[in-house]
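Chain by chain, the residues run as shown.
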Amino acid sequence: MKHFVFLIDTGNETIEHKINASGMTDAVKRIKDIQKDLKKNDRTKLKIKFKGVIYGNAY
């Protein structure tokens, strides 16, 4: 399984999220769900940036 790393910029801070997913489309669906949850907390402007992939057998 791969870990997809996304950076979410809230304006005040940048949060790094690692998502376990089998592919990029699954990871994008999950990050959009996280984005919806964060927008519920009165954060109107969020910038999401893809940082990279960490493979499970890299260690």
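Before going into details, it helps to say that this report is about the structure given with it. (Residues numbered from 1 in each chain as written. Predicted model: local features only at pLDDT ≥ 70, side-chain atom pairs only at ≥ 80, totals over all residues. Heavy atoms only, no water.)

Notes on the overall build of the protein chain
Within the protein chain, the secondary structure is distributed over one helix and three strands. Tracing the protein chain from N to C terminus, the helices and strands come up as β-β-α-β. Dimensions of the protein chain, computed from C-alpha atoms along their principal axes, come out at roughly 40 × 20 × 15 Å. Residues counted as buried form 22% of the 59 residues belonging to the protein chain. On the protein chain, roughly 4600 Å² of surface is accessible, and the fraction owed to carbon and sulfur atoms is 49%. Across the protein chain, the centroid of the 13 positively charged side chains sits 5 Å from that of the 7 negatively charged ones. (Helix = DSSP H or I, 4+ residues; strand = E, 2+ residues; numbered from the N terminus. Buried < 20%, exposed > 50% of the residue type's maximum accessible area, 1.4 Å probe, protein only. Areas by Shrake-Rupley, 256 points an atom, 1.4 Å probe, with all protein chains shown as cover. Lys, Arg positive; Asp, Glu negative; His and termini not counted. Charge placed at Lys NZ, Arg CZ, Asp CG, Glu CD.)

Some points on the nonpolar core
Ranked by size, the top nonpolar core spans nine residues in total: Phe4, Phe6, Ile8, Ile19, Ala21, Ala27, Ile31, Leu38 and Leu46. Those residues in contact with Phe4, other than ones at most four positions away along the chain, are His17, Lys18, Ile19, Ala21, Gly23, Met24, Ala27, Phe50, Gly52 and Val53. (Core = buried A, V, L, I, M, F, W, Y, C linked by side-chain atoms within 4.5 Å. Contact = heavy atoms within 4.5 Å.)

Describing the environment of Phe50
Assignment of secondary structure puts Phe50 in strand β3 (residues 47-55). The partly exposed category is assigned to Phe50, whose relative accessible area is 37%. With 33 residues separating them along the chain, Phe50 and His17 place their C-alpha atoms 9.8 Å apart. Apart from the residues lying within four places of it in its own chain, the contact partners of Phe50 are Phe4, Val5, Phe6 and Met24.

Function cannot be read off these values alone, since they describe shape.
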